[in-house]
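# Close look at the chain arrangement
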Amino acid sequence: MSQALVRIAAGWLMGLMLAVAGAVVAINLVNNSLASPQQPVREYLDALQKGEGGKALGLLHATVPQSNPAMLDGAALKTAAARISGVKFGDAEDRGGNQVMVPIDYSINGTQLHTEFLLQRSGTQWLFFHDWSFVPAELPTLNVTVVNSNQATLNGVPVNMPNGRNTFAVFYPGEYEASLNGQFFAAPATRATLAGRDNPPAPLNLLTQATDGLKDAVGAKVKQFLDDCADQADKKQQLQPDCPFYHTTNNRVADGTIDWSITDYPVVKIEPFGGRWVVAPLDGKARIKARQTDLFTGAVTELNAVHDFSFTTRLDIDGDTVKLTPQLSN
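These figures come from a predicted structure and were not determined experimentally. (Residues numbered from 1 in each chain as written. Predicted model: local features only at pLDDT ≥ 70, side-chain atom pairs only at ≥ 80, totals over all residues. Heavy atoms only, no water.)

### Quick look at the overall build of the protein
Check the secondary structure of the protein and you find 5 helices and 20 strands. Scored against the burial criterion, the 330 residues of the protein give a buried share of 37%. Relative to all contacts within the protein whose residues are 6 or more apart in sequence, the contacts with residues 24 or more apart total 54%. For the protein, the exposed area adds up to about 18,700 Å²; of that, 51% sits on carbon and sulfur atoms. (Helix = DSSP H or I, 4+ residues; strand = E, 2+ residues; numbered from the N terminus. Buried < 20%, exposed > 50% of the residue type's maximum accessible area, 1.4 Å probe, protein only. Contact = heavy atoms within 4.5 Å. Areas by Shrake-Rupley, 256 points an atom, 1.4 Å probe, with all protein chains shown as cover.)

Following this line, the structure appears as structure tokens:
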């Protein structure tokens, strides 16, 4: 064989070796990027932040437990993942049996968190490129309770709360915020952060309170009831009207001189009790003015007395309507 042929053969052999080496490098680069076990996790997080619940569920290969699915798609899901930032992927760690664990570090609202995803090799493409998929598991759940309400808001979405409680299937990682903002009843927002499937968050408990709007509405009705009661007592010239307040005396009170007025109106307090909303006992003061005659001496004096009074009332709310039914004991 001539030296020229040897040189040509050597050149071809060198080119083939370089091509093989380049192919190996390319395969390794693809397996460490697009075909890496981190790639399904990237796609999953992207689906969460876009609110694409169907895609996220398909990637995660997760089953949905018996629960409310309101948090698994759309705006609610997008809100849950909106505050995830600074995601850093760690190296995949071998777990045996063609499984690896992919760790990520990130923050939600400035809190540093860590989540681990378990994936398994599910095949290859074009003989060289690995396929990875999540190891199937069940989604975690979040429990929410609310005092004396059948509705609440979770991640900005109105949700039903039968008997004041519900359980929601949720994706992770994410943040979930419950609140109640009604016309008459409200509860401060409370949040839970979910970092992993095996660390379910504590229940979100909404402590409902009567709004200032309801207190004002009840206070206005209480004032109207007492003012009307005092007016009727004046018209009928009654010392002991069908009201929470009354006056007793051994003197003779001149007709036409009796004048009732409320000096201190009750402060309204509305509290939950036995699955209902009740108004705490209403305490106030009423003044009576009149001219009276002492039956023993005949002396005529001006009556000017202030009496404490207290009564209870039943509160009923139907939509936007507030109804009070005073309960009088005298």
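Having seen the structure, we can now continue with the description.
### With respect to the packing of helix 2 (residues 38-49) against helix 3 (residues 53-60)
One can describe the packing of helix 2 onto helix 3 by two numbers: an axis separation of 8 Å at closest approach and a directional angle of 155°. One element, helix 2, and the other, helix 3, form an angle in the roughly antiparallel class. Here helix 2 and helix 3 pass one another in a crossing that is left-handed. Within the contact between the two elements, helix 2 uses Glu 43, Tyr 44, Ala 47 and Leu 48 and helix 3 uses Lys 55, Ala 56, Leu 59 and Leu 60. (Axes fitted to C-alpha atoms, helices over the stretch in contact; angles between N-to-C directions. Parallel < 35°, antiparallel > 145°, perpendicular 65-115°, else oblique. Left-handed = near helix turned anticlockwise from the far one by under 90°.)

### Let's talk about helix 5 (residues 212-236)
Taking 1.5 Å of rise per residue, the 25 residues of helix 5 would be expected to cover 36 Å, and the 36 Å separating its terminal C-alpha atoms lies within 8% of that figure. Residues of helix 5 that are buried: Leu 214, Val 218, Val 222, Leu 226, Cys 229, Ala 230, Ala 233 and Asp 234. Positioned one or two residues after helix 5, Gln 237 has a phi angle of 50°, which is positive. (Expected span 1.5 Å × (residues − 1).)

### Quick look at the environment of Ile 270
By the element assignment, Ile 270 lies in strand 16 (residues 270-273). Judged by its relative accessible area of 8%, Ile 270 falls in the buried class. The spatial distance from the C-alpha of Ile 270 to the C-alpha of Thr 211 is 9.3 Å, given a sequence separation of 59 residues. Ignoring any residue separated from it by four or fewer positions in sequence, one finds Ile 270 in contact with Ala 210, Leu 214, Lys 215, Val 218, Trp 277, Val 278, Val 279 and Leu 315.

### A few points about the nonpolar core
Counting residues in each nonpolar core, the largest one holds 48 residues, and the members touching the most others are Tyr 44, Leu 154, Phe 171 and Tyr 176. Excluding anything up to four places from it in sequence, Tyr 44 contacts Ala 56, Leu 59, Leu 60, Phe 117, Phe 134, Phe 171 and Tyr 172. (Core = buried A, V, L, I, M, F, W, Y, C linked by side-chain atoms within 4.5 Å.)

### A look at the sheet that holds strand 6 (residues 141-146)
The mixed open sheet is built from 3 strands, whose spatial order is 9-6-12. Sheet topology places strand 9 (165-169) and strand 12 (204-206) at the edges, where each strand pairs with a single neighbour. Adjacent strand axes in the sheet meet at a mean angle of 20°, parallel and antiparallel pairs treated alike. Bridge analysis of strand 6 against strand 12 gives 3 bridges, and the strand direction is parallel. Its bridge partner lying in strand 12, Thr 145 is registered against Asn 205. (Pairing = 2+ DSSP bridges.)

### A closer look at the packing of aromatic side chains
Per the counting criterion, the structure on display carries 10 aromatic pairs. Note on Phe 117 and Tyr 172: the rings are 5.9 Å apart at their centroids and 10° apart in plane angle, and the pair reads as stacked. Placement of the pair is Phe 117 in strand 4 (residues 111-125) and Tyr 172 in the loop between strand 9 and strand 10 (174-181), with a sequence separation of 55 residues. Centre to centre, the rings of Phe 245 and Trp 260 are 4.9 Å apart; their planes meet at 40°, and the pair counts as tilted. Here the residue Phe 245 occupies a position in the loop between helix 5 and strand 14 (252-253), and Trp 260 occupies one in strand 15 (residues 259-264), the gap between them amounting to 15 residues. Feature note: the residues Tyr 44, Phe 117, Phe 134, Phe 171 and Tyr 172 constitute an aromatic cluster, connected by ring pairs. Positioned over the ring face of Phe 89 is Arg 42, at 4.7 Å from the centre of the ring. (Phe/Tyr/Trp six-rings, centres within 6.5 Å; stacked < 30°, edge-to-face > 60°. Lys NZ or Arg CZ within 6 Å of the ring centre and 35° of its normal.)

### Some remarks on the state of the cysteines
Scanning all chains against the criterion turns up 1 disulfide. Put simply, Cys 229 and Cys 243 are joined by a disulfide, and their sulfur atoms are 2.0 Å apart. Between Cys 229 and Cys 243, the S-S dihedral sits near -110°, and the bridge is therefore left-handed. Placement of Cys 229 in helix 5 and of Cys 243 in the loop between helix 5 and strand 14 is noted, with a sequence separation of 14 residues between them. Classification of Cys 229 as buried rests on a relative accessible area of 8%. (Disulfide = S-S within 2.5 Å.)

### As for the pattern of salt bridges
Inspection of every chain in the model, using the stated rule, returns 9 salt bridges. Glu 177 is the partner of Arg 191 in a salt bridge, and the nearest nitrogen-oxygen pair spans 2.5 Å. Placement of the pair is Arg 191 in strand 11 (residues 185-194) and Glu 177 in strand 10, with a sequence separation of 14 residues. Its relative accessible area of 45% is what places Arg 191 among the partly exposed residues. Notably, a salt bridge pairs Asp 316 with Arg 276, separated by 3.8 Å at the nearest N-O pair. Residue Asp 316 is found in strand 19 (residues 300-318), and its partner Arg 276 is found in strand 17 (residues 276-279); the two are separated by 40 residues along the sequence. Among the residues examined, Asp 316 registers a relative accessible area of 24% and is labelled partly exposed. (Salt bridge = Lys/Arg side-chain N within 4 Å of Asp/Glu carboxyl O.)

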